[in-house]
Structure formats: structure tokens, C-alpha cells
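# Survey of secondary and tertiary structure
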Amino acid sequence: MLKKILIGILIVLSLIIMASAVLYWKFRNDNKPPISDEDREQLTIMPLPASAELKDDFCVVNGALGITWTGVRSSRLNKALQRFARRVDIPFDSVSTDLKIILSVTCQRLLDTLSLEVDESYSLKISADKIELTAPRETGILRGLESLTQLAVRKKDELSFQQLTLEDHPRYPWRGLLIDVCRHWMPKEIILRNLDAMAALKLNVLHWHLSDHQGFRVESKLFPKLHELGSEGNYYSQNEIREVVRYAADRGIRVVPEFDMPGHSTSWLVGYPELAALPGPFTLERTLLLSNVVMDPTREEVYQFIDQFIGEMTTLFPDEYFHMGGDEVSPVAWNENKNIQQFMADQNLKTPRDLQNYFNKRVHAMLKKYNRKMVGWDEILHPDLSTDIMVQCWRNHKLLFDAVQKKSDAIMSKGYYLDLKLSAGKHYSVDPEILPGAITIKPDTVLWSQYDLKLSVSGNEMDMQMVLYGKDETLRGLFIMMENATGFEHAAREQDHLDFSFQSDFGEVDVTGDFRGDSVSGKMGLGLLSFPFRGVKVGGNDMADTKPPHVEQIKPLLPEEKARIKGGEAAVWAELITDRNIDSRIWPRMAAIAEKLWSPAVLTKNEDDMYRRLEVVSEYLSRLGIRHESGYMEMLRELSEGKPVENLKVLTDILEEVKNYDRMTIYPQLTTLLPLNEVVDAVHPESYPAYRFNKMVREFVKDSTHSVHAAEIEKALILYRDNDPLFQATFNGNKRLERIFPVSGNVRELSIIGLQALDRIKQNIRYSEEEKKLQLDQIQKLTEPQQGVIIAIAPGIRQLVE
């Protein structure tokens, strides 16, 4: 009996130990990163795969590469394999299997059509003598070949791949890039070239913005005056559209067209003024500001026209999604048209937003008739619009949450606007599922006041609200703009003057105002931009029959709501971009967004590692033919007017274009006729030499011995200091370059300050507080933007002084 009891106890103990071991290993594996830090340091590809495990050995290919196929094969896959062989510069043999190294490709099923639901997963295993690429569908093979191309290391006649096991699939199914070809025309070759770059980074949607106030860019055989009168001769023929769609499909990329309506529609109305809310005639917009031109949503003839047009365009664009715009619709013309006002009254449409929703519903029904799903900018959100649409959120992040919580699918563009010239790191910090700036202030139901404001932007007015809580030291509030409420913790009010600031996605916003009784007027400043506003008090604890506004707390997303976030799209709007510099305005920063949308969230939090790989990917894109660097050098050579460009390049390498839309402030009138051929048009949105310099300074300051990078920092500062006299002597008399002589001089002065600070740090001599303030004030003065550019090494020099 005792023996049986002991055996029983041993069995129970064994089970407990086994269960504990299983739980331990499960916990350990659940918390294990999909790529170890050690392996990640060896990877240079973007986007990072979902998981990978590397070995120390390499697969070395000498001569040809043997190819074996399992499963299905197609023309799309054959062309992809040819691109791979061409890029890694190696011949391949699809018949012989007696070669030393074999690439084994296994594709289980062909694609019926590209769609949002298509499977893009693949696995890749590289051993000493074999590379195995396996995927359920063709798209997975396409993505896997792009990874394999980036993994290739070419040394003279030898091609090698690090041995590894890799499993990969995208985080989001919609990973897009919007290219605007309306404000400035972009020939077909530019679109094709950028499709190659998109495929390399596993992007899968080209959002083609094809109509706006400044141009209509597609040939229409049904309504030829659209392109004949609305494009100034710059449009894509229907054959060119088909070519682009085929080219994209071969690379696993869907093409989603956008024809903006009912606003942004001047180019429609030049040829067909009968569609407009107010009588024509109309001419293409030269200015690049907001316009009040809009279609008439009350007339059946308008819908008959749009119906036929959509029918024609769906024969060119086979994708299941069709973008109808819907953004920035000005109600001015609707308000001035008595027939439209009567229609609104008859239909019980109380606001212009309700009228636009009536229009959207009609367009939505047409698209369904043609088996298309509607995409629109977030202004289309309305309680009375069907939820079987895709909402593209651009105005604020909260609208993404609103859309999916109201059961619509949505994609994120807020935070991914490349034309704002923000850094790759800034874009990399934006996660669709994390809402920054949620309201944290505590409302006050005892001491409060609310103001309705009108903000003046380029002659148009935008509605805003301001709510103030508390008083004196507790004064705080909300600023509500474009349906987005942002809290500010502290405000200063001295008698009738108010000051406060808050952080936005575009930077810090400064607000000043002056009260006169129940009225207020002031300015809202963002960088170099300043917009006046005026308003009136509409509520407060001292006003009868008013209640404090409801402050909405942000609800966390439920799993099914997160599933409705389908991904995101970067946007490159072309107000200040031409066919000469568009590549540098997209690449390489777009790679950071591509990784954010493809790779697991846990792998997209290390900005330094992203930048390490971004430089490698930038060189890879140049080898593919992307012109972000070669175009830059061409523009420098043009600016130099035949003189050597070395001293010009030393300067422009550390300059950046000003951020957000600050550049628009330097022109008396911003039009499509601006030549856009100045230094600001040549420099990059983000300077990687400056990034490296600033990073070296951070590491130097952090190092207790102050020896790390000291020599490199000093060498760089001497180069920048001594470049100015050479630059000015070389380009004296060059009118365009003389305009940035003051910038070059400021770089020299900043470099001198940096060298002095560096020397003091080496000698352990601290600045007094007064000396430090003087130096920092001087740095601030020297780094004020000029000619649309900023000096990107300024943060590093400031840190040396601090």
C-alpha cells in the first residue's frame, strides 16, 4: 500500500513539474521577441519580417543559380524571378538541378484577382546549399523575392545570403502611397519607377489622385472635355492607364483611383460648367489655396453624368475600391444658390454636411451598381451613411477611432503626410492603434466658459471652439478644431489677455487672444504660419440656460474594432513638388511608414535601428533607379551653373526644407506657375548627414569620458566652418545661390560656436548660466529659417552648448 501511495505521489509531482515546465516555456516564448536583438543587429532589410532566426554561416553562390518549382507557376511569377535575377546580377537555370545552389519556389495557388483579403504570407529558409521560398499565393512569392533581393550580398563575382529561417506576413492588408498628379503633372515614367520602389518595400496600394482644382488627368472617351479642357494637355491616355495597372499588378500592387467630388472639382467644370452649383465659366485654378467651387448635388443631370463617368472608369481600374474624395467641401456656393437652399428645405437637410451626405449616398449607390466599394476622406463620415465604406482619416487620429467604432472600415493617413517634410522618425512614431493626445484635463462644471470661433485661412473661415476651465493657476481648457479636441493644461490670463499652447501633429500651436466683453479676437500660430480668429462667448457658469460641453473620454478599441483598421496610406501632395524632385520627397522616408504598416508593432519601436537600416535601404533604392539622390545631384549641378558643386553640396547636405506648410509663407501668391527650382527644392526633407552628426553629439555627450566621436564631430564642424568662404567665392554672381549666402554664413557661425563648446567640454570648463543663455540665444537667431530652408545640425550644436 505504501509503495502505491509513493508511486502516486511521484506521478502527481511529475505532472506538476511537467505542467510548470510547459507554462514556463509558454511564458518564455510568448515574451520572446520575434527577432532577437542579436539577429536584428545583423539584418538590414525593410520592412522587418514577422519573425526570423539567423545563423552565422552563409549560402554562397558562384555561377548560376538552379531553380526548382513546386505547385503552380505563372507569368507574374516568371517576371518576378527575372527581376530578382537581374537585381542580384546572377544567371539562373530553371531546368538543371545539378547546380551547387538551388532556389526552390513553392506556390500553392494562383491569384484570381488582387484584393484586400489576398494572402501575402511566405516563409524563407536559407541553408548552405538551398534557398526555399514557400507561399500559399503568388503575392507571398512576390514579397519573399523582395526580401531575398535585399538579403543578397554581392562581393565581386560572389553572391551570398546569410543562412536563416524567416516567417513573414503583413500587420495590415492596406499599405498605400497616394501620389498627387494634379497640382503638378507627373509623367507615366515617374509612376512606374515609384511602383518599383513600392514593391521593394512591400507596399500594395497606389492611391492615384487624378482630379482636383488644378487638373483632370485621365482621358475620358465619354466626356472628352474633361481631359481636353481640364488638363492643359497633361493627362494619361487610357492605354497608359492600363499599362500602369498591369505594371502594378505584376508587382502585387492594387491601383485605387481618386476622382474628387463634389468639392475640389474645378477641372471637371471647365469643360462641363452645367455640373456646378453656381454659373460658370470656369478656368483651371492656378492658385494652390482652398476654393469654393463645388458641384450641384441637387440636380439629376449631375448624377447621370457621374454614373456614366464611373462606369467608364471602372473599365480602366479593376480594383474593388474606388475613391470619391469628399474632402474640404466649401458650402459657400450652396448657400448662395436659392434652388439648392429650397432643395435642402424640401428634403429636410438641415446643414451643408447633410447635403453632402445626400450626395455621398447617391454616389455610394452608383459604385455598388458597378461592384465597387466606396472610399472617401473622413469628411464623409455621417450617421446616415452606410458603414460598408472605407474611411480615409487625414484630419486627426481620433476620427480613425470614430470610424471603426461606428462599424466602418478605415485606413490611417494622419501622421503619414510626406509633403509635411517631417522626419522618418516622426512618421515611425505614429501607430494607427495608439491615439496620442487623448484628453487628460479634468473639466470644471463650476467655473467654465465656451467660445465659438472663426479662424481665417486664405480668405476662408473655419469653425472652432475654445473652452476654458478654472481661473488663475488652475486655468486650463480645450481647443476644438476640425472635430478634434485637444486639451491644454495651463493657460495664462492677465486681465483681458490670454496665452496658451498645445501640441499638435504638426508641432506646437501658440494661441493668443484679447477679450472685449463677450467677444474675443486673436491669432493661432504654427511655426511661421499665423492665422487670425475672432469669436463670441456662447456659454458659461455666468450665462443662464447654458451647460458645460460634454468632454468625450476616449474608449479603448475592442478587438473587432481594431480589426476594422485595415492599414494606412502615406500621401505626397504636389503643391510644392515637381516631377524633378518627387522621388526625394517620398524616399527613403516612405520606407519607415512601410515598415510601420507591415512589421509587428513590437518590432517598430526602435528608432535608431530603423535609421541604421534606412540608410542601407536608401542605397538599395538608388540601385533600383529611384532618383532621390541622383535627382538631388542634378539639381545641384543646375544651380551651380557650370561651377564645381563640392562646396554647394557640403552646405546643402545639412539643410532641410522647412516643416509642415511653413514654406507657403514665403510667397506673396502661391501658384502652379512657380518654377520651384531654388535651393529649397533641391535639398532633402530630412538630412541624413545631419542626423548622423546630431546622433554622434548625443552619444558624445552621454559618454562620461567625452571621447566617443570627438574627432569626427570636430572634423565635421571644421568642414562646415571653412566651407563658407569657399562657397561664397565660388558662387559670387550666381543669383539663386547668393540668396543663401546668409544661410552659409550662419552655418559658419554655428560651427564656430560648436567648436568652442566642444573644446570646453574636453577641458571640463562649464559655461556659466549667463554665458549659456547668450550662446543659446545666438544659436536660436542663427537657425531662423531663410529661403525656406533650415540648418539641420543645429540640434547637435545646441546640445554641445547645453
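Predicted, not measured: the structure shown is a model, and the values here were computed from it.

### Observations regarding the overall build of the protein chain
Secondary structure assignment for the protein chain yields 27 helices and 28 strands. Over its C-alpha atoms the protein chain spans a radius of gyration of 29 Å, differing by no more than 12% from the 28 Å that the globule rule assigns to 802 residues. Along the first, second and third principal axes, the C-alpha set of the protein chain runs to 90 × 85 × 75 Å. The buried share among the 802 residues of the protein chain stands at 55%. The contacts in the protein chain between residues at least 6 apart in sequence include a share of 70% that link residues at least 24 apart. Carbon and sulfur atoms make up 52% of the accessible area of the protein chain, which totals about 35500 Å². Distance between charge centres in the protein chain, computed from 98 positive and 116 negative side chains, equals 4 Å.

### Looking at the confidence of the model for the protein chain
Low pLDDT marks regions whose predicted coordinates should not be analysed in detail. Taken residue by residue, the protein chain gives an average pLDDT of 93. The fraction at 70 or more is 94%. Note that residues 1-29 has pLDDT below 50 and, in this model, zero contacts with residues that lie over four places away or in other chains.

### What to know about the nonpolar core
Core analysis: the largest hydrophobic core is formed by 114 residues, its most contacted members being Leu177, Trp208, Phe259, Trp268, Phe317 and Trp587. The residues touching tryptophan 208, leaving out its near neighbours within four places in the chain, are Ile179, Val181, Ile191, Tyr236, Ile241, Val244, Val255, Val256, Pro257, Glu258 and Phe317. Ranked by size, the runner-up nonpolar core spans 45 residues in total, among them Phe693, Ala710, Tyr720 and Leu737.

### Considering the packing of aromatic side chains
Using the criterion set out here, one finds 31 aromatic pairs in the structure. Counting every residue linked through ring pairs, the aromatic cluster contains Trp185, Trp208, Phe216, Phe223, Tyr236, Phe259, Trp268, Tyr272, Phe305, Phe309, Phe317 and Phe322. Directly above the ring of tyrosine 303 sits arginine 362, whose terminal nitrogen or CZ lies 4.1 Å from the centroid. Directly above the ring of tyrosine 428 sits lysine 596, whose terminal nitrogen or CZ lies 5.2 Å from the centroid.

### A look at the environment of leucine 529
Looking at where leucine 529 falls in the secondary structure, it is placed in strand β25 (residues 529-540). Owing to a relative accessible area of 14%, leucine 529 belongs among the buried residues under this scheme. Sequence-wise, leucine 529 and aspartate 662 are 133 residues apart; in three dimensions their C-alpha atoms are separated by 6.0 Å. Sequence-distant contacts of leucine 529, defined by excluding residues within four places in its chain, comprise Met524, Tyr661, Asp662 and Thr665.

### Considerations on the pattern of salt bridges
All told, the structure shown has 49 salt bridges when counted by the stated rule. Residues arginine 612 and aspartate 609 are paired through a salt bridge, measuring 2.7 Å at the closest nitrogen-oxygen approach. Of the two residues, arginine 612 and aspartate 609 both sit in helix α18 (residues 607-624), three residues apart, roughly one turn of that helix. We classify arginine 612 as partly exposed; its relative accessible area is 32%.

### Let's talk about the side chain of arginine 183
Topologically, arginine 183 is positioned in the loop between β9 (174-180) and α5 (188-200). When its relative accessible area of 9% is taken as the criterion, arginine 183 is described as buried. Here aspartate 180 takes part through its side chain, which lies 3.0 Å from a polar atom of the side chain of arginine 183. Within polar-contact distance, the side chain of arginine 183 engages the side chain of aspartate 212 at 3.3 Å. Setting aside anything within four residues of it in sequence, one finds arginine 183 in contact with His209, Asp212, Gln214, His264, Leu288, Trp573, Ala574, Glu575 and Thr672.

### Section: the side chain of aspartate 327
By the element assignment, aspartate 327 lies in the loop between β13 (321-323) and α10 (332-336). Arginine 183 is the oppositely charged side chain nearest to the buried, salt-bridge-free aspartate 327, at an N-O distance of 6.5 Å. Filtering out sequence-adjacent residues up to four positions away, aspartate 327 remains in contact with Asp260, His264, Trp377, Glu379 and Trp394.

### Quick look at the packing of helix α22 (residues 688-702) against helix α23 (residues 710-730)
One way to put it is that α22 packs onto α23 with a least axis distance of 10 Å and a crossing angle of 140 degrees. Between α22 and α23, the crossing angle belongs to the class labelled oblique. Note on packing geometry: the crossing formed by α22 with α23 is left-handed. The residues of α23 that touch α22, namely those facing Phe693, Met696, Val697 and Phe700, are Ala710, Glu712, Ile713, Ala716 and Leu717.

### Points about empty space enclosed by the protein
Across all of its chains, the model carries six cavities of 30 Å³ or more by this definition. Taken as a whole, the largest cavity spans an internal volume of roughly 90 Å³. Forming the walls of the largest cavity are Ala80, Arg83, Phe84, Arg87, Leu142, Arg143, Leu145, Glu146, Thr149, Ala199 and Arg251. Elements supplying a minimum of two residues to the lining of the largest cavity: α3 (75-88) and α4 (138-151). Of all the elements, α4 adds the most residues to the lining of the largest cavity, at five residues. The class makeup of the residues in the lining of the largest cavity is five nonpolar, one polar and five charged. Roughly 60 Å³ of volume is contained in the second largest cavity.

### Digging into unusual backbone geometry
Cis geometry marks the peptide bond from methionine 46 to proline 47; its omega dihedral reads -10 degrees. If you trace the backbone, proline 47 turns up in the loop between α2 (37-42) and β1 (51-61). Residue proline 281 is reached from glycine 280 by a cis peptide bond, and omega for that bond is 5 degrees. Among the structural elements, proline 281 can be located in the loop between α8 (266-271) and α9 (300-313). Of note in this structure, aspartate 472 is not a glycine but carries a positive phi near 50 degrees. Locating aspartate 472 in the fold gives a position in the loop between β18 (460-469) and β19 (476-481). You can call aspartate 472 exposed: its relative accessible area is 54%.

### Re helix α25 (residues 741-762)
Taking 1.5 Å as the rise per residue, α25 with 22 residues should run 32 Å; its terminal C-alpha atoms sit 32 Å apart, in good agreement. Asparagine 764, located one to two residues past α25, shows a positive phi value of around 60 degrees.

Conventions adopted
Residues numbered from 1 in each chain as written. Predicted model: local features only at pLDDT ≥ 70, side-chain atom pairs only at ≥ 80, totals over all residues. Heavy atoms only, no water. Helix = DSSP H or I, 4+ residues; strand = E, 2+ residues; numbered from the N terminus. Rg over C-alpha atoms; globule rule 2.2 N^0.38 Å. Buried < 20%, exposed > 50% of the residue type's maximum accessible area, 1.4 Å probe, protein only. Contact = heavy atoms within 4.5 Å. Areas by Shrake-Rupley, 256 points an atom, 1.4 Å probe, with all protein chains shown as cover. Lys, Arg positive; Asp, Glu negative; His and termini not counted. Charge placed at Lys NZ, Arg CZ, Asp CG, Glu CD. pLDDT = per-residue confidence, 0-100. Core = buried A, V, L, I, M, F, W, Y, C linked by side-chain atoms within 4.5 Å. Phe/Tyr/Trp six-rings, centres within 6.5 Å; stacked < 30°, edge-to-face > 60°. Lys NZ or Arg CZ within 6 Å of the ring centre and 35° of its normal. Salt bridge = Lys/Arg side-chain N within 4 Å of Asp/Glu carboxyl O. Polar contact = N/O pair within 3.5 Å; in protein donor to acceptor, adjacent residues only side chain to side chain. Axes fitted to C-alpha atoms, helices over the stretch in contact; angles between N-to-C directions. Parallel < 35°, antiparallel > 145°, perpendicular 65-115°, else oblique. Left-handed = near helix turned anticlockwise from the far one by under 90°. 1 Å grid on protein atoms, 1.4 Å probe; cavity = no way out; pocket = protein on both sides within 12 Å on 5 of 7 lines; lining within 4 Å. Points joined across faces, edges and corners; volume = space filled by probe spheres on them. Nonpolar A, V, L, I, M, F, W, Y, C, P; charged D, E, K, R; others polar. Expected span 1.5 Å × (residues − 1).

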